[in-house]
Amino acid sequence: WTLASIQPTGQAEQGRPAAATYTLSFADGRISTRADCNTCSGTFTVSGQTLTAGPALACTRAACPTMAFETVYVGILSGDSTATLTANTLVLTSTRGVLRFTR
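Since the model is a prediction, treat every value here as computed from it, not as a measurement.

Enumeration over the complete set of coordinates arrives at two disulfides. Disulfide pairing places C37 opposite C64 at an S-S distance of 2.0 Å. One quick way to see it: the torsion about the S-S bond of C37 and C64 is about -105°, and its sign makes the bridge left-handed. With a gap of 27 residues between them, C37 in the loop between β4 (30-35) and β5 (38-47) and C64 in the loop between β7 (58-59) and α1 (67-77) connect regions that are remote in the sequence. A relative accessible area of 37% means that C37 is categorised as partly exposed. Disulfide partner of C40: C59, at an S-S distance of 2.1 Å. The chirality of the disulfide connecting C40 with C59 is right-handed, given an S-S dihedral of about 110°. Taken together, the residues C40 in strand β5 and C59 in strand β7 connect sequence positions 19 residues apart.

The rules behind each value
- Residues numbered from 1 in each chain as written.
- Predicted model: local features only at pLDDT ≥ 70, side-chain atom pairs only at ≥ 80, totals over all residues.
- Heavy atoms only, no water.
- Disulfide = S-S within 2.5 Å.
- Helix = DSSP H or I, 4+ residues; strand = E, 2+ residues; numbered from the N terminus.
- Buried < 20%, exposed > 50% of the residue type's maximum accessible area, 1.4 Å probe, protein only.

Written out as structure tokens, the structure reads:
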């Protein structure tokens, strides 16, 4: 999955920074994400439409040019979200905000 946009609660939707890579994958009970020049991973579970990432995601700490965006992205991704899957779009919605991914 490739991140298309984020929308922190109470803020405007923002697209992924140009030339930055933000991807998400799921395999064998593990979630992995590339957040520009960093990577994060942890466990995930699905119960009904609720996807839980974590309890915590372990991330590398390189100083990427998109650090502020990355911090918000990982904050929205971590924890419980309602997952909506339609065709080639995955939307994760929580009290922290909304993440939109495409295939």
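There's plenty left to go through after this.
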